[in-house]
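What the coordinates show
Spelled out from the first residue to the last, the chains are:
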Amino acid sequence: MVFAAPNDALAGAERVLDTGPPPLYASVAHQVIGIWQRDFGDLRIALHHLRRARDLAARAESADREADVLGTLGVALVHAGRTRQGLAAFERGVLRGTGHTRARVLYRRAYVWWVLGRHREALEDVRRAIPVLRQADDVIWTARALTLRATVHLALGAVERADSDFTAAEALWDTTGQEHDKADAVESRGLAAFRSGDVPAALRLLDEAAERYAKLGTPSFMLNIRRCEVLMAAGLAPEALAEADAAIAVLDGIGGQSTRKAELLLAAARAARLAGDPHTAIARAALAVRLFAGQRRTWWETHARLVLIEARVAAGRSSGRLVADAAAVADRLAAFGAPAAPEASLLAGRIALGLGWRTDAERHLAVAARSRHSGPPLARMTGWAAQALRARAAGSGRGVLEACRRGLDVLDDHRMTLGASELRARATEQGAELAALAQQASLTGGGPRRLLVWSERWRATVLSTPPTRPPADPALLSSLTAYREIAARAEAARMEGRPVPALEREERRLEREIRSRTLHMRGDAPGDELRFDIGRLLERLGEARLVELAVLDGRVHVLLCGQGRVRRFEAGLLAEAEAEAEHVQAGLRRLAHPGAEGRLPVVEAAGHRLQELLLGPAAAHLGPGPVVVVPPGRLHRVPWALLPSLRDRVLSVSPSASSWLRARETEPPPGGRHVLVRGPGLATGGAEVPDVADRYGRPTVLEHDEARVPRVLAELDGAALAHIAAHGTFRADSPLFSALRMADGPLIVHDFERLDRSPYRIILSSCDTARLASVGADELLGLVTALLPLGTAGVVASSAPVNDAAVVPLMLALHKGLSAGLSLAEALRDARAALPGDAVHRATGWAFTAFGAA
């Protein structure tokens, strides 16, 4: 019962002991309490009960009973870090037990060998146990043994063997009532899905397992560890670190297993390193190394040492000692048959290259490069990264580019299995090194055209194909509706000055639920999108110029495209440009309010400095025609119209040259429907909407109670033009929950992704609607980037807070130009020129940007 209904089993065992039972029954009761405390509670209490159970079994003179307890005690001792005592208990248990009981003890010892990372011994013991368990028709223990054998196969990289055993075990579990074991089986299938490269399925199965454990009221720290592993692979390292640290706190609070604490520390160290926090990674990894060493878990200790070395390198350390340490770790991992061995060899090669040790670097990189042709996607990418570094060391630019191309192709295929745009964006971080190597090789041995190709190769890839539509999932739709209602109630309470802690907790819970269900989506778009074609770009530009900014070694390089050619100019340092852009944003926030006119010269001067840093000498070669700016993700907040050379011209911004081409070639939908939306609470009440409605004849106007999310989405789908006047909020912590406020609550990015086709042109006349989160290698998440892959060819939105009253004349002038047949960029230029010359109106004009090509 202890793994079917754990809490009922615990209560039943305590009732048995209350009756003063004979030694045999008392031994069973103490063992059950010991198992419960070992897996779900305090290990010290568990060891007390299991030793008592062992002594009572001896008094009962039952050798098999004593052997069974010794098997359970052995597991608890190993989890407590007392590995030698635990293995000694198993030796006695195997000797005391016979037949069926001995097979159960062998299964438990196999489990302990797996915990210790001694996989060959684990396979040998489970191989001896399974036939006996099957012969005894012991369904539950046979299923456990098959699940364990599958898990060991996964640790050794044998995914197909693991799948076979998991399938056989699942068929057996279906015939039992072992609810905790069933949850563990679902968790194991999640691990198998992850090992085979299916991240969405892994997240879905792990979440299902968590729900099952929650119903039983039992914690599962192994589930936390596996979730951390999957979250890291999905590019969600900060979340993995938070989950690992929270699990460690719970484990410490109940006096739980020290083996699990060490594994959680290792997961936290990996996550901290990936999250860009090497000092936290060093602290967590060093503690994990000490715990694993004390527990005699060499396999695990070696993995922790790998993370420790990686973190030290990330913190800026480099020495011959680190090369030797990484090489030794690689050798030990290879001897274990661990899939992480190539990663350690790549690390040793990288450090050696940094020290100028060419011969040593070649030796280690050659070993790492062997993984490029087989294994899961990230292992193959490790191999291609090693091959690219080998080619660079040998002076072969062509070899570098070929290795980078092959590695990024692997990541493309992996990325397209992900349905959620957030996962696709974050997954690109894993290709950042390959993209940088290719760009560097292009700069030194190619020309501007080649650098442009590689700049495009890994820029804004999340926009290259539409996101997978959220499924028609009643639970997801229900959560979205509930989220809107709770968020609206919380907002109303805040406006009245009432505290809203309960509503905020429920809001956060619903956010987690919506996001979780969205991350489960599997990609359904083909991975063979058209490659970037420079000739097509130059042809489509006509008299326009496209300015793509590439960043290499911290410096901005301007690629100026137009008149049938691509030219390169060097500009300033990216870090200086980012700092200047933040100063400009602060100035625009001040200028949104009357009385800050004195800041105007300061903001204009910052615009001159930004031009020098971002365009440099290229500013003198832009010509008289329209300009398209393609900035890197980290410069998305620059108000480009503030730059003197761009201020009075037709200007648009695009996340990539490829996405501008797609927007340029997107045809407007038939019918030409116009949709105007007014959300609640605007200072002007969306005063421009009635005048804009008069300009377009009979548009659909949604306001007051009609401006509810379901109705708004229905009208926006397939519209030719949409104008939304609503309060906008940007969520840096969770950009896909950035929102526009409607009558029934927030219209969030997740809602827009449910459209079959977003409006061909969309104007968002509110604050912060163009703010985006920079994630992954060079990706952007937010309202604008959610619309571009869904059929929107042009967006006008603001990257800063704006003055509501000053927005009205800007929008009226903008629509005057659109109704006369101008593009969004042309109409926005004319609208800026038509505004009054005071500071508030000028700042409002600079804050708005035209995106795309419509």
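Relevant structure appears above.
Residues numbered from 1 in each chain as written. Predicted model: local features only at pLDDT ≥ 70, side-chain atom pairs only at ≥ 80, totals over all residues. Heavy atoms only, no water.

Here's the deal with the pattern of salt bridges
If you walk through the whole model with that rule in mind, you get 62 salt bridges. Ionic pairing is found between R227 and E243, a salt bridge with its closest N-O pair at 3.2 Å. Linking R227 in helix α12 (residues 221–233) with E243 in helix α13 (residues 237–254), this pair joins segments that are 16 residues apart in sequence. The pair R227 / E243 is uniform in exposure class, with both members buried. Linking E491 and R741 is a salt bridge whose minimum nitrogen-to-oxygen distance equals 3.4 Å. (Salt bridge = Lys/Arg side-chain N within 4 Å of Asp/Glu carboxyl O. Helix = DSSP H or I, 4+ residues; strand = E, 2+ residues; numbered from the N terminus. Buried < 20%, exposed > 50% of the residue type's maximum accessible area, 1.4 Å probe, protein only.)

Some details on the nonpolar core
Core analysis: the biggest nonpolar cluster contains 130 residues, and V112, V199, L333, C404 and L423 have the highest contact counts within it. Considering every element that reaches this core, the biggest residue donor is helix α6 (residues 99–116), with 11 residues. Beyond its immediate sequence surroundings of up to four residues, L333 is in contact with T302, H303, L306, A338, A340, A341 and A344. If you look at the next biggest cluster of nonpolar residues, it comprises 104 residues, including V675, F730, L747 and A831. (Core = buried A, V, L, I, M, F, W, Y, C linked by side-chain atoms within 4.5 Å. Contact = heavy atoms within 4.5 Å.)

Quick word on the packing of α12 against helix α14 (residues 258–274)
Direction vectors running N to C along α12 and α14 enclose 15°, while the axes themselves pass 10 Å from each other. Judged on the interaxial angle alone, α14 and α12 are roughly parallel. The interaxial crossing formed by α12 with α14 has left-handed handedness. Packed against α12, whose contacting residues are F221, M222, N224, I225, C228 and M232, the element α14 presents R260, E263, L264, A267, R270, A271 and L274 at the interface. (Axes fitted to C-alpha atoms, helices over the stretch in contact; angles between N-to-C directions. Parallel < 35°, antiparallel > 145°, perpendicular 65-115°, else oblique. Left-handed = near helix turned anticlockwise from the far one by under 90°.)

Quick notes on helix α25 (residues 474–495)
The first and last C-alpha atoms of α25 sit 32 Å apart over 22 residues, in line with the 32 Å expected at 1.5 Å per residue. Considered for burial, the residues of α25 that qualify are L476, S479, L480, Y483, R484, I486, A487, A490 and A493. The inward-facing, buried residues of α25 abut α26 (501–519), α32 (709–716), β11 (745–748) and α33 (749–752). (Expected span 1.5 Å × (residues − 1).)

Section: unusual backbone geometry
The phi torsion at R296 lies on the positive side, around 60°, for a residue other than glycine. One non-glycine residue, D553, lies in the positive phi region at around 50°. Checked against the element boundaries, D553 lands in the loop between β1 (545–552) and β2 (555–562).

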